[in-house]
Amino acid sequence: MTGVYVAVAALILATVFGLIWRHRNGVLRARKDGDVERLDAAELGADLGDRATLVQFSSAFCAPCRATRRVLGEVAGMVDGVAHVELDAEANLDLVRRLNVLRTPTVFVLDPSGQIVRRGSGLPRKADIIAALGETVA
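Residues numbered from 1 in each chain as written. Predicted model: local features only at pLDDT ≥ 70, side-chain atom pairs only at ≥ 80, totals over all residues. Heavy atoms only, no water.

## Considerations on the pattern of salt bridges
The test is simple: The salt bridge definition used is simple: a Lys or Arg side-chain nitrogen within 4 Å of an Asp or Glu carboxyl oxygen. A run of H or I in DSSP becomes a helix once it reaches four residues, and a run of E becomes a strand once it reaches two; helices and strands are each numbered from the N terminus.
With the rule as written, the count across this model stands at 6 salt bridges. Arginine 69 is the partner of glutamate 86 in a salt bridge, and the nearest nitrogen-oxygen pair spans 2.6 Å. Here arginine 69 lies in helix 3 (residues 63-78) and glutamate 86 lies in strand 3 (residues 82-88), a separation of 17 residues in the sequence. Residue arginine 70 is joined to glutamate 74 by a salt bridge in which the shortest nitrogen-to-oxygen separation is 3.4 Å. Of this pair, arginine 70 and glutamate 74 both sit in helix 3, 4 residues apart, which is roughly one turn of the helix. When salt bridges that share partners are traced, they join Glu37, Glu43 and Arg98 into one network.

The following block contains the structure:
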């Protein structure tokens, strides 16, 4: 009978973890107070956008990375002054470690000075990206 309780408890914990993970997947969160992390054009290998920059860390065999590339490219094409920069996580391990990138895709929204204002991992929704840009460029 104890085995049944253990199995039920494990199932409940796995379900709760899965629901939390699903809820947070792709959500862009504001930076924590006190975090003043900046990225410059030299680190990115590309110029920053005049109004904002969308930085994406990807890996070679990541299916959500391809969809994220498409979404961010569309948004950057729609909003003037917004640049999209995609970085290979494996080729940029120093940045990955410094920015605590734990999985791909991970997206950062930078203001015009290169300061990180939002970050998220997983496939973001286009509406969430546009909303984050609205707060950044306003």
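## Thoughts on the packing of helix 3 against helix 5 (residues 126-137)
Quick reminder of the rule: Axis geometry follows a simple rule: fit a line to the C-alpha atoms, using only the stretch in contact for helices, then measure angles between N-to-C directions, giving values from 0 to 180 degrees. Just so you know how the angles are binned, under 35 degrees is roughly parallel, over 145 roughly antiparallel, 65 to 115 roughly perpendicular, and the rest oblique. Note: crossing handedness is left-handed where the near helix turns anticlockwise from the far helix by less than a right angle, and right-handed where it turns clockwise. By definition in these notes, contact holds between two residues if any of their heavy atoms fall within 4.5 Å. Under the scheme applied here, ten amino acids are nonpolar (Ala, Val, Leu, Ile, Met, Phe, Trp, Tyr, Cys and Pro), four are charged (Asp, Glu, Lys and Arg), and all others, including Gly, are polar.
Running from N to C, helix 3 and helix 5 cross one another at 45°; their axes reach a closest spacing of 10 Å. Considered as vectors, helix 3 and helix 5 are oriented oblique to each other. Here helix 3 and helix 5 pass one another in a crossing that is right-handed. Contact with helix 3, carried on its side by Val71, Leu72, Glu74, Val75 and Met78, involves Lys126, Ile129, Ile130 and Leu133 of helix 5 and no other residues of that element. Its residues placed into classes, the contact of helix 3 with helix 5 shows 7 nonpolar, no polar and 2 charged.

## With respect to the pairing of strand 3
Spelled out, the test is: Note on pairing: two strands pair once DSSP finds at least 2 bridges between them. By convention a crossover is right-handed if, when the strands point away from the viewer, the path from the first strand over the helix to the second runs clockwise.
Where strand 2 (residues 52-58) lies against strand 3, 7 bridges are found, and the strand directions are parallel. Bridging from a neighbouring strand, glutamine 56 pairs with glutamate 86 of strand 3. Between the parallel pair strand 2 and strand 3, the chain is carried across by helix 3, and the sense of this crossover is right-handed.

## Brief notes about the nonpolar core
Rule in force here: Buried residues of nine kinds, namely Ala, Val, Leu, Ile, Met, Phe, Trp, Tyr and Cys, make up a nonpolar core once their side-chain atoms join them within 4.5 Å. Here the term buried applies to any residue with accessible area under 20% of the maximum for its type, exposed to any over 50%, and partly exposed to those in between, with areas from a 1.4 Å probe on protein chains only.
Leu44, Val55, Phe57, Leu87, Leu99, Phe108 and Leu110 are the most contacted members of the largest nonpolar core, which totals 14 residues. Residues contacting phenylalanine 57, with those up to four places away along its chain left out, are Leu87, Ala89, Asn92, Leu95, Val96, Leu99, Val101, Thr104, Pro105, Thr106 and Phe108. Membership of the second largest hydrophobic core comes to 11 residues, among which are Leu54, Val75, Val107 and Leu133.

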